[in-house]
Amino acid sequence: MIYKNTSLNVIDNCGARSAKCIHLLGKYKWGKVGDLILIVLRKFYNLKKKIKKGIVYLGVIIGTKYWTLRFNGILYKLYNNNVIVFNLQFKFLGTRIYGLISKEFKTKLYRFRGVKFYYKLLSFSSSVL
């Protein structure tokens with residue numbers, strides 16, 4: 001579960017390494033896989049990209065450290081809290097996704113604007129957990 005002020009790992013190649021959650025977009029006090037959040041980028045590995053320090057971006061939660069229960073009864077969790085970075089116009093800032101995307105991300109796609117684009121994100125990733 002992701003709360004405000006939670007540190008997150010960025011798993012795409014937008015140029016950032018870590019981010020901080022500043023607001024949850026939804027009706028709950030916590031965020032799960034597939035939810036939209038507002039983030040601020042913290043650490044960078046390449047400042048020549050499209051991103052800048054101190055600007056608010058959108059993020060989609062890809063994986064959490066908290067246990068996740070699937071419909072078939074399997075419990076799993078990841079080692080890190082992972083997020084993908086978008087700008088405020090829902091444009092993906094990277095070209096590749098490093099790491100795993102969980103299957104629960106597919107089931108939450110119908111809630112967002114631009115659903116066809118989010119299906120395209122699954123092709124950017126190397127594997128689906």
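Further up the page is the structure itself.
For every chain, the first residue of the written sequence is number 1, and numbering continues from 1 onward in sequence order. The predicted origin of the model limits local features to residues at a pLDDT of at least 70 and limits the giving and counting of side-chain atom pairs to 80 or more, whereas totals for whole chains, interfaces and linings rest on all residues. Water and hydrogen atoms play no part in the side-chain values, which are based on all heavy atoms of the structure.

1. Thoughts on the overall build of the protein chain
So, step 1. For the purposes of this entry, the term helix denotes a DSSP run of H or I that reaches at least four residues, the term strand denotes a run of E that reaches at least two, and both are numbered from the N terminus. Broken down by element type, the protein chain carries two helices and nine strands.
So, step 2. The helix and strand sequence of the protein chain, counted from the amino end, reads β-β-β-β-β-β-β-β-α-α-β.
So, step 3. Should any heavy atoms of two residues lie within 4.5 Å, those residues are considered in contact. Expressed as a percentage of contacts within the protein chain between residues at least 6 apart in sequence, the contacts between residues at least 24 apart total 57%.
So, step 4. Only the protein chains shown count as cover for residues, and all accessible areas are computed by the Shrake-Rupley method using a 1.4 Å probe. Of the roughly 7900 Å² that the protein chain leaves accessible, carbon and sulfur atoms contribute 56%.

2. Description of the side chain of N13
So, step 1. Note that N13 resides in the loop between β1 (7-10) and β2 (16-24).
So, step 2. Throughout this description, a polar contact denotes any pair of N or O atoms lying within 3.5 Å of each other; where both atoms belong to protein, one of them has to be capable of donating a hydrogen while the other can accept it, and for residues adjacent in sequence the pair is counted only when both atoms sit in side chains. Reaching out from N13, the side chain makes a polar contact with the backbone nitrogen of R96 at a distance of 3.1 Å.
So, step 3. Residues within four places of N13 in sequence aside, it is in contact with Y45, K49, G94, T95, R96 and Y98.

3. Focus on the pairing of β1
So, step 1. Only one face of β1 is covered, namely the face carrying L8 and V10; the face carrying S7 and N9 is uncovered.
So, step 2. Following DSSP output, two strands are said to pair if at least two bridges run between them. Relative to β2, β1 runs antiparallel, the two sharing three bridges. Counterpart to N9 in the pairing with β2 is S18.
So, step 3. Taking the residues that link successive antiparallel strands as the turn, the β1-β2 hairpin has five residues, and the phi of G15 there is positive, at about 115°. Only protein chains enter the accessibility calculation, which uses a 1.4 Å probe. A residue is then buried if its area is under 20% of the maximum for its type, exposed if over 50%, and partly exposed in between.

4. Some words on the nonpolar core
So, step 1. Within this scheme, the nonpolar core is defined by two criteria: the residues are buried Ala, Val, Leu, Ile, Met, Phe, Trp, Tyr or Cys, and they are joined through side-chain atoms within 4.5 Å. Within the largest apolar cluster, 17 residues are counted, with the highest numbers of intra-cluster contacts made by V10, I37, I39, L41 and V85.
So, step 2. Elements that contribute at least two residues to this core include exactly β1, β2, β3 (36-44), β4 (56-63) and β7 (82-86).
So, step 3. Broken down by element, this core gets its largest block of residues, four residues, from β2.
So, step 4. In this structure V85 touches V10, D12, C14, I39, L41, Y57, L58, F92 and L93, once residues within four positions along its chain are discounted.

5. Examining the packing of aromatic side chains
So, step 1. Any two of the Phe, Tyr and Trp rings considered here, Trp counted by its six-membered ring, make a pair once their centres fall within 6.5 Å; the pair's planes then place it as stacked at under 30 degrees, edge-to-face at over 60, or tilted in between. This structure, assessed with the given rule, holds two aromatic pairs.
So, step 2. Ring geometry for F86 versus F92: centroids 5.7 Å apart, planes at 55°, classification tilted.
So, step 3. Among the residues examined, F86 registers a relative accessible area of 0% and is labelled buried.

6. Regarding the sheet that holds β1
So, step 1. The five strands lie next to each other as β1-β2-β3-β4-β7, forming a closed barrel whose pairing is mixed. Averaged over all pairs of adjacent strands, the angle between their axes in this sheet comes to 55°, without regard to strand direction.
So, step 2. Both β4 and β7 contribute to a ladder of five bridges, which runs antiparallel. The partner of G59 across the bridge, within β7, is V85. All axes here are fitted lines through C-alpha atoms, helices being fitted over the stretch that makes contact, and every angle between N-to-C directions spans 0 to 180 degrees.

7. Notes on unusual backbone geometry
So, step 1. Backbone geometry places N5, a non-glycine residue, at a positive phi of 65°.
So, step 2. Tracing the chain through its elements places N5 in the segment before β1.
So, step 3. Judged by its relative accessible area of 57%, N5 is exposed.
So, step 4. At F90, a position not held by glycine, the phi torsion is positive, near 60°.
So, step 5. Positionally, F90 belongs in the loop between β7 and β8 (97-101).

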